[in-house]
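Chain residues, written in single-letter form:
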Amino acid sequence: MGETADPRIQIRPFADRRDCERMVDYFLNADKAFLEGMGVDPGKLPPRREWIESALLDLERPAHEKDRYYLAWIYDGTPVGHASINRIKVGEEAFIHLHLWVKDLRKAGLGTQFFAASAVEFMRAFRLKRLFCEPYAENPAPNRVVLKAGFRFVKRYRTTPGPLNFEQDVNQYVRENPEALAG
Ligand SMILES: CC(C)(COP(=O)(O)OP(=O)(O)OC[C@H]1O[C@@H](n2cnc3c(N)ncnc32)[C@H](O)[C@@H]1OP(=O)(O)O)[C@@H](O)C(=O)NCCC(=O)NCCS
């Protein structure tokens, strides 16, 4: 279990079906405006069972075959969010995503702490030379969080970031990993 300066804040890899269910239910229980606010097309979310099964299958795959790898965010012993990486090239790069599920915990600095700890852990576990983050340009919270967590702005461009998204302007940020770059 990864620890941060605040002992109430911990991160750990997704371990089982329950972790996958919590992540899937966060998306499926969200309202349309919330999903659109982070660039997700509500009409593109997979059915619950299918989504959970595919996340579970992926959990079992070796690192270099994974579609995604998830870290649970644990606050005071309770799962409250997750970070994930996809487009993983082990030893090279990946793209990071961040979600604090509990609305009442947002805007209190927790997201930044969880995100920064997750970025370090993803880079360590997958020996990444660089980690990209490409939030929807109109979603202020992640655009702020990434800069506070040591990422730098690269460019803004229009794309459809993934299978759950609509076409949108994203801001690309990167954080390099000096240890992996040196190695
Ligand atoms: C993105 C997210 C993880 C950030 O976590 P958080 O705990 O709310 O963020 P923090 O409290 O650490 O805030 C970090 C900075 O972002 C700013 N911020 C947070 N929410 C904001 C909002 N809704 N609008 C504008 N600024 C915001 C904070 O003011 C702070 O900046 P400051 O230190 O300069 O004041 C969280 O808001 C979240 O899960 N949102 C919904 C999912 C989402 O949008 N994910 C991103 C998908 S790309």
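Structural notes, computed from the coordinates. (Residues numbered from 1 in each chain as written. Predicted model: local features only at pLDDT ≥ 70, side-chain atom pairs only at ≥ 80, totals over all residues.)

### Focus: the overall build of the protein
- The helix and strand tally for the protein stands at six helices and eight strands.
- Moving toward the C terminus, one meets the helices and strands of the protein in the order β-β-α-α-α-β-β-β-α-β-α-β-β-α.
- Taken over the C-alpha trace, the protein has a radius of gyration of 15 Å; the compact-globule value for 183 residues is 16 Å, and the two agree within 12%.
- Projected onto the principal axes, the alpha-carbon positions of the protein cover approximately 45 × 35 × 35 Å.
- Across the protein, the fraction of contacts at a sequence separation of at least 24, relative to all contacts at a separation of at least 6, is 62%. (Helix = DSSP H or I, 4+ residues; strand = E, 2+ residues; numbered from the N terminus. Rg over C-alpha atoms; globule rule 2.2 N^0.38 Å. Contact = placed C-beta atoms within 7 Å.)

### Section: the packing of helix H4 (residues 110–125) against helix H5 (residues 140–148)
- With their axes 9 Å apart at the nearest point, H4 and H5 run at an angle of 55° to one another. Judged on the interaxial angle alone, H5 and H4 are oblique. Of the two possible hands of crossing, H4 and H5 adopt the one that is right-handed. Across from Gly111, Thr112 and Phe115 in H4, the residues of H5 making contact are Ala141, Val145 and Lys148.
- Among the residues forming the contact of H4 with H5, the class breakdown is three nonpolar, two polar and one charged. (Axes fitted to C-alpha atoms, helices over the stretch in contact; angles between N-to-C directions. Parallel < 35°, antiparallel > 145°, perpendicular 65-115°, else oblique. Left-handed = near helix turned anticlockwise from the far one by under 90°. Nonpolar A, V, L, I, M, F, W, Y, C, P; charged D, E, K, R; others polar.)

### Some thoughts on the site of the ligand
- Neighbouring residues of the ligand: 21 residues in total, closest Arg106, Gly111, Thr112, Ala141 and Arg144.
- Listed by contribution, the elements that provide at least two residues to the shell around the ligand are strand E5 (93–100), H4 and H5.
- The greatest single-element share of the shell around the ligand, amounting to six residues, is contributed by H5.
- A class-by-class count of the residues in the shell around the ligand yields eleven nonpolar, six polar and four charged. (Near = placed C-beta within 6 Å.)

### Points about the nonpolar core
- Ala94, Ile96 and Phe122 are the most contacted members of the largest nonpolar core, which totals 34 residues.
- Looking at this core, the elements that each hand over two or more residues are helix H1 (17–28), strand E3 (68–75), strand E4 (78–89), E5, H4, strand E6 (130–133) and H5.
- With six residues, the top contributor of residues to this core is H4.
- Of all hydrophobic cores here, the second largest spans five residues; its members include Met38, Val40, Tyr136 and Val170. (Core = buried A, V, L, I, M, F, W, Y, C linked by C-beta atoms within 7 Å. Buried ≥ 20, exposed ≤ 12 C-beta atoms within 10 Å, placed from the backbone.)

### Overview of the packing of H1 against helix H3 (residues 48–60)
- As a packed pair, H1 and H3 sit with axes 9 Å apart at the nearest point and diverge in direction by 135°. Here H1 is positioned oblique relative to H3, judged by the angle of their axes. In the packing of H1 onto H3, the handedness of the crossing is right-handed. From H1, Arg17, Cys20, Glu21, Met23, Val24 and Leu28 reach across to H3, where they touch Arg48, Trp51, Ile52, Ala55 and Leu56.

### Side note on H4
- With 16 residues, H4 should cover 22 Å at 1.5 Å per step; its first-to-last C-alpha distance of 22 Å lies within 8% of that length.
- For H4, every residue scored as buried is listed here: Gly111, Gln113, Phe114, Phe115, Ala117, Ser118, Ala119, Phe122 and Met123.
- Positioned one or two residues after H4, arginine 127 has a phi angle of 50°, which is positive. (Expected span 1.5 Å × (residues − 1).)

### Notes on the environment of isoleucine 74
- Here isoleucine 74 lies in strand E3.
- Given 18 C-beta atoms within 10 Å, isoleucine 74 falls into the partly exposed group.
- Residues isoleucine 74 and phenylalanine 114, spaced 40 residues apart in sequence, show a C-alpha to C-alpha distance of 8.8 Å.
- Look past the residues within four positions of isoleucine 74 in its chain and what remains in contact with it is Gln10, Ile11, Arg12 and Pro79.

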